[in-house]
Amino acid sequence: SKAIAERQKVKLENVLLGTGSTQILRTATHVFTSKERALATALPAYEECSQYAALIGAPVKGVSLDSNFYMDLGALHKAAVGSGLVFYCNPNNPVATAVDGTHTRDFIEKVLRDSPQTTILVDEAYFDYATLPGYETMIPFAVENPRVIVARTFSKAGGMAGLRIGYAIGHPQTIRKMAEWDATGSVNTLALAAAHASVTQD
């Protein structure tokens, strides 16, 4: 966690390790959705949050992509209002489209303003592969706002899919809330060693 915090220029209290980012996505879904608090998500997108929401009985508000396979941010905003969690996969797996930083921040700010009970989970699993001009990480936003979380993984650019290690970055209050439900004892030592080597190399 310390090496990740140093690499991302955040504090240790802003980082939560998980067994792959899959566990981070499940934890956020468990903590911020319920039978009364829906998950809002673009479809298709990485399916972990929507599948886990269905498993625990939380409603899923799926919003179709537009004709060019981009997230329809207007429709997603409407679905987000009143929901417990928005899953915002950017770049979006499996369709390989992304939304630039300006439009992403505008979307997040609108949801935060219009739906005070909603948390936004930004999945940046493919951050290292993004080539869209203006694409940005939302880590600075997440560190400052307790209703925004960024998920990252070592499975893609780190080449560690089988080792299962990922992390969340967020406001300390949010990280504590997630950690209370899911302690990180299940992360294996080999994955920890490989992740440390990955983030400390030049």
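For the structure itself, consult the block above.
Conventions and cut-offs
- Residues numbered from 1 in each chain as written.
- Predicted model: local features only at pLDDT ≥ 70, side-chain atom pairs only at ≥ 80, totals over all residues.
- Heavy atoms only, no water.
- Helix = DSSP H or I, 4+ residues; strand = E, 2+ residues; numbered from the N terminus.
- Buried < 20%, exposed > 50% of the residue type's maximum accessible area, 1.4 Å probe, protein only.
- Polar contact = N/O pair within 3.5 Å; in protein donor to acceptor, adjacent residues only side chain to side chain.
- Contact = heavy atoms within 4.5 Å.
- Pairing = 2+ DSSP bridges.
- Axes fitted to C-alpha atoms, helices over the stretch in contact; angles between N-to-C directions.
- Phe/Tyr/Trp six-rings, centres within 6.5 Å; stacked < 30°, edge-to-face > 60°.
- Lys NZ or Arg CZ within 6 Å of the ring centre and 35° of its normal.
- Core = buried A, V, L, I, M, F, W, Y, C linked by side-chain atoms within 4.5 Å.
- Arc of directions from axis to C-beta.
- Parallel < 35°, antiparallel > 145°, perpendicular 65-115°, else oblique.
- Nonpolar A, V, L, I, M, F, W, Y, C, P; charged D, E, K, R; others polar.
- Left-handed = near helix turned anticlockwise from the far one by under 90°.

## Points about the side chain of Asn-92
At step 1: Along the chain, Asn-92 turns up in the loop between strand S4 (85–89) and helix H5 (101–114).
At step 2: The class for Asn-92 is buried, based on a relative accessible area of 3%.
At step 3: For Asn-92, the side chain forms a polar contact with the main-chain oxygen of Pro-44, separated by 3.2 Å.
At step 4: Setting aside residues up to four positions removed in sequence, Asn-92 forms contacts with Pro-44, Ala-45, Tyr-46, Leu-65, Met-71 and Thr-97.

## Structural notes on the sheet that holds strand S7 (residues 166–170)
At step 1: Read from one edge to the other, the open sheet built from seven strands follows the order S1-S7-S6-S5-S4-S2-S3, with strand pairing classed as mixed. Edge positions in the sheet fall to strand S1 (15–18) and strand S3 (60–64), since each has one partner strand and no second. Neighbour-to-neighbour, the strand axes of this sheet turn through a mean angle of 25°, independent of strand direction.
At step 2: Where strand S5 (residues 119–123) and strand S6 (residues 148–153) come together, four bridges link them in parallel fashion. Paired with Val-122 across the strands is Val-150, a residue of S6.
At step 3: The sheet contacts of helix H4 (residues 73–80) involve strand S2 (39–43), S3 and S4, and relative to S2 the element is tilted by about 160°.

## Quick word on the packing of aromatic side chains
At step 1: Per the stated rule, a full pass over the model turns up three aromatic pairs.
At step 2: Taken together, a centroid distance of 5.2 Å and an interplanar angle of 25° make the contact between Tyr-88 and Phe-107 stacked. Here Phe-107 lies in helix H5 and Tyr-88 lies in strand S4, a separation of 19 residues in the sequence.
At step 3: Classification of Tyr-88 as buried rests on a relative accessible area of 0%.
At step 4: Considering the side-chain rings of Phe-127 and Tyr-135, the 5.9 Å spacing of their centres and the 45° angle between planes classify their relative orientation as tilted.
At step 5: If you follow Arg-152 out to its NZ or CZ, it ends over the ring of Phe-127, 4.0 Å from the centre.

## A look at the environment of Gly-166
At step 1: With respect to the element layout, Gly-166 can be found in strand S7.
At step 2: With 141 residues separating them along the chain, Gly-166 and Leu-25 place their C-alpha atoms 10.0 Å apart.

## Overview of the nonpolar core
At step 1: Tyr-88 and Ile-108 are the most contacted members of the largest nonpolar core, which totals 34 residues.
At step 2: In contact with Tyr-88, other than residues within four places in its own chain, are Met-71, Leu-73, Leu-76, Val-99, Thr-104, Phe-107, Ile-120, Leu-121, Val-122 and Asp-123.
At step 3: If you look at the next biggest cluster of nonpolar residues, it comprises 20 residues, including Ala-45, Leu-85, Ile-149 and Ala-168.

## Looking at helix H7 (residues 172–181)
One full turn of an α-helix is made of 3.6 residues, so residues set three or four places apart face in the same direction.
At step 1: Of all the residues in H7, the buried ones are Pro-172, Thr-174, Ile-175 and Met-178. End-on, the buried residues of H7 take up no more than an arc of 160°, which puts them together on one face. Turned more than 90 degrees from where H7 packs its buried face, Arg-176 and Glu-180 sit exposed.
At step 2: Packing partners of the buried residues in H7 comprise S1, helix H2 (20–32), helix H6 (139–144), S6 and S7.

## Thoughts on the packing of H2 against H7
At step 1: It is at 9 Å that the axes of H2 and H7 come closest, and there the two elements cross at 95°. Classified by the angle between their axes, H2 and H7 sit roughly perpendicular to one another. Between H2 and H7, the contacting residues are Gln-23, Ile-24, Arg-26, Thr-27, Ala-28, His-30, Val-31 and Phe-32 on the first element and Thr-174, Lys-177, Met-178 and Trp-181 on the second.
At step 2: By residue class, the composition of the contact of H2 with H7 is six nonpolar, four polar and two charged.

## Looking at the packing of H2 against helix H3 (residues 48–56)
A pair of packed helices can be characterised by two numbers: the angle between their axes and the separation between those axes.
At step 1: It is at 9 Å that the axes of H2 and H3 come closest, and there the two elements cross at 45°. Taken together, the axes of H2 and H3 are oblique relative to one another. Regarding H2 and H3, the two cross each other, and that crossing is right-handed. Where H2 abuts H3, its residues Thr-22, Leu-25, Arg-26, Thr-29 and His-30 lie against Glu-48, Cys-49, Tyr-52, Ala-53 and Ile-56.
At step 2: Classifying every residue of the contact of H2 with H3 gives five nonpolar, three polar and two charged.

Read these as layout, nothing more, since geometry by itself doesn't imply function.
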